[in-house]
Amino acid sequence: MLDVAGSGAQQTETEQRDLPAAGAAGQRDPAASGAAAGQRDPVGGRAAQADLVAAGVAGVTIVWADNNGIPRSRTVPAGQYDAAVERGVGITPLFAVFDSHDGITFEHIPLGTPSGDIRLMPVADRLVRLAGQPGFVWVPGRQVAADGSAWPYDQRGVLERQVARAAALGLDLLAGYEMEFHLSRASDDDDGDVRPVYDGPSYGPAKMLAVDAFAEQLLRDLDRNGVPVGQFHGEYGPGQFEFDIAPADPVTAADRQLLARQTVHAAARAHGLRASFAPLVTLGQVGNGWHLHTSVSRAGANLLSGGDGPGGLAAEGGAYLAGLLRDLPAIVAVSAPSLSSLQRRRPGYWCGAYTFWGVENREASLRFVPATPLLGAGHANVELKPSDASANPYLALAAVIAAGVAGVEDGLTPPDPVQEDPGGWSEERRAAHGIRRLPVTVEEQLTELRAGERIRAALGEELVGAFIAVRESDAARATGRDAADVVRSYRWLY
């Protein structure tokens, strides 16, 4: 929970807020991500069609995320899995221009007609037998052109290219997430008021007791599904909870983020609950962030520690952070892109409303978490606060990596950290420190994305064009609607 209720409100701090997302390259989580790897289902990892059929699997669900951060999927019978691995599954290229509410925009000219087909290819070494849906296997997918060649709108491929670019420069990155979500008692009324499972003291054991059976199943299912979790707790808002996903290489981290939300929704359904990861569930309440922690290493040494900068920041680590700060408005246009994101991102809510960084400053958009004698040098990381479920996880990470690596290449030096909340400062004082408000409208966000040359280059002009068309379609759909109605329209999309 990095939001608080109300601008200037007392900011209650969580226990153990520091996700160890920035371990050195050699400090990755256990390969099986959880204890007792030998007890895992034999279907996990890479498996042939015969293995799936013999294990009683009914179907293989191939999942990707669209430009709204919404998971989309195709499910093939287990007996057709080998064919799917070889030839993929046909899908329309227009998924790249679906808006958040399933409208299709034809404003991006390269995808301006209903004609065409692409192939969705399962990433065959990432099969997971779903603990909460035992008849199904989950696998992330790549989108390729009809002839099998690279397709410029494939979000996973965008991230893979940025990871490869960093590796060519001798840089390794790790990423981890804090995932906040709301639990409501199930209702058939999507437009009515939510009914949070618990509305009482934040962070306490009573809040966890209210979802005891759900929490038990969720932790077991996440472990069996290969999603390593550091902690799980009741959060600040009514019905709000959070768990941390341990660090991994960026592509694995993005895959796990998609798998984690599938796991949460299945466990919630099993207990008569409904989960929402939407940036805002109810207008005026705290929001759900998916705070993204990253670190950068060279030859196994974390570049964010061991130096003489603020918090022990080393020179190259400072350059990485400075790169993030330089491109922060364009990054946020990708990492928190929706209308619901804009409504969530308010000063005083610990969700990153201004362009500044600080050492352990929870109001900062970029919170630097330094190494400590207790946690070690590998612990140092940078947390991006303006990040939520409406972001495609592959694109958000690609934007972060592109900006940070460019900062290292350019030898940038960050400005001094800010250890206060600049929301209470005068405009003149903020300007003197180079601090400005992050975009508050879709138009402002898209202006920043169009001006963000490094982020556009990382994502590719074709994908950026589709992404902008989708954002504009969402904005047009919301014209004339009041803020509460817009929040409700996003509530159950995530």
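Quick look at the structure, then. (Residues numbered from 1 in each chain as written. Predicted model: local features only at pLDDT ≥ 70, side-chain atom pairs only at ≥ 80, totals over all residues. Heavy atoms only, no water.)

Once that is clear, we can look at unusual backbone geometry. If you check the backbone angles, D102 has positive phi at about 70 degrees while not being a glycine. Structurally, the position occupied by D102 is in the loop between β3 (89-91) and β4 (118-122). The backbone phi angle of Y203 is positive, close to 70 degrees, even though this residue is not glycine. Within the secondary structure layout, Y203 lies in the loop between β7 (172-185) and α4 (205-209). (Helix = DSSP H or I, 4+ residues; strand = E, 2+ residues; numbered from the N terminus.)

Right, let's talk about the environment of S338 for a bit. Tracing the backbone through its elements, the reader meets S338 in the loop between α8 (328-335) and α9 (339-344). The class for S338 is buried, based on a relative accessible area of 2%. Each C-alpha atom of the pair S338 and T441 lies 9.8 Å from the other, and the pair is 103 residues apart in sequence. If we skip the residues at most four places from it in the chain, S338 touches P279, S390 and Y490. For S338, the side chain forms a polar contact with the side chain of S341, separated by 2.8 Å. (Buried < 20%, exposed > 50% of the residue type's maximum accessible area, 1.4 Å probe, protein only. Contact = heavy atoms within 4.5 Å. Polar contact = N/O pair within 3.5 Å; in protein donor to acceptor, adjacent residues only side chain to side chain.)

Below, the discussion takes up the pairing of strand β15 (residues 381-384). It is a general feature of regular strands that their side chains alternate between the two faces of the sheet. Covered by surrounding structure in β15 are N381 and E383 together with V382 and L384, the residues of both alternating faces. Two elements, strand β11 (residues 290-298) and β15, share three bridges in a ladder whose sense is antiparallel. What sits directly across from L292, in β15, is L384. As defined by bridge partners, strand β14 (residues 366-369) adjoins β15 across four bridges and the pair is classed as antiparallel. Note that in β15 the partner of F368 across the bridge is V382. (Pairing = 2+ DSSP bridges.)

Time to look at the side chain of D244. Within the element layout of this structure, D244 appears in strand β9 (residues 240-248). Polar contacts involving the side chain of D244 include one to the side chain of Q231, which spans 2.8 Å.

So, about helix α12 (residues 442-451). Working note: α-helix, 3.6 residues per turn, so residues spaced by three or four point in the same direction. Here α12 has its buried residues at V442, Q445, L446, E448 and L449. Seen from one end, α12 has its buried residues packed into an arc of 155 degrees, which puts them on one side. Counted as exposed and oriented over 90 degrees from the buried face of α12: E443 and A451. For α12, the secondary structure elements touched by its buried residues are α8, α9, α13 (453-459) and α14 (461-478). (Arc of directions from axis to C-beta.)

A word on the side chain of H291. As for its placement among the helices and strands, H291 is situated in strand β11. H291 gets classed as buried once you look at its relative accessible area, which sits at 0%. Side-chain polar atoms of H291 contact the side chain of R344, separated by 3.5 Å.

In the structure shown here, the tally under the stated rule is 13 aromatic pairs. For the pair F181 and F214, a centre-to-centre distance of 6.4 Å together with 65 degrees between the ring planes defines the contact as edge-to-face. Of the two residues, F181 is situated in strand β7 and F214 in helix α5 (residues 212-224); the sequence distance between them amounts to 33 residues. Pair check on accessibility: F181 and F214 agree, each one buried. On the numbers, 6.3 Å between centres and 70 degrees between planes, the contact of W357 with F368 is edge-to-face. A residue pair is termed long-range when its members are at least 10 positions apart, and W357 in strand β13 (residues 357-359) and F368 in strand β14 qualify at eleven residues. For the pair W357 and F368, one class covers both residues: buried. (Phe/Tyr/Trp six-rings, centres within 6.5 Å; stacked < 30°, edge-to-face > 60°.)

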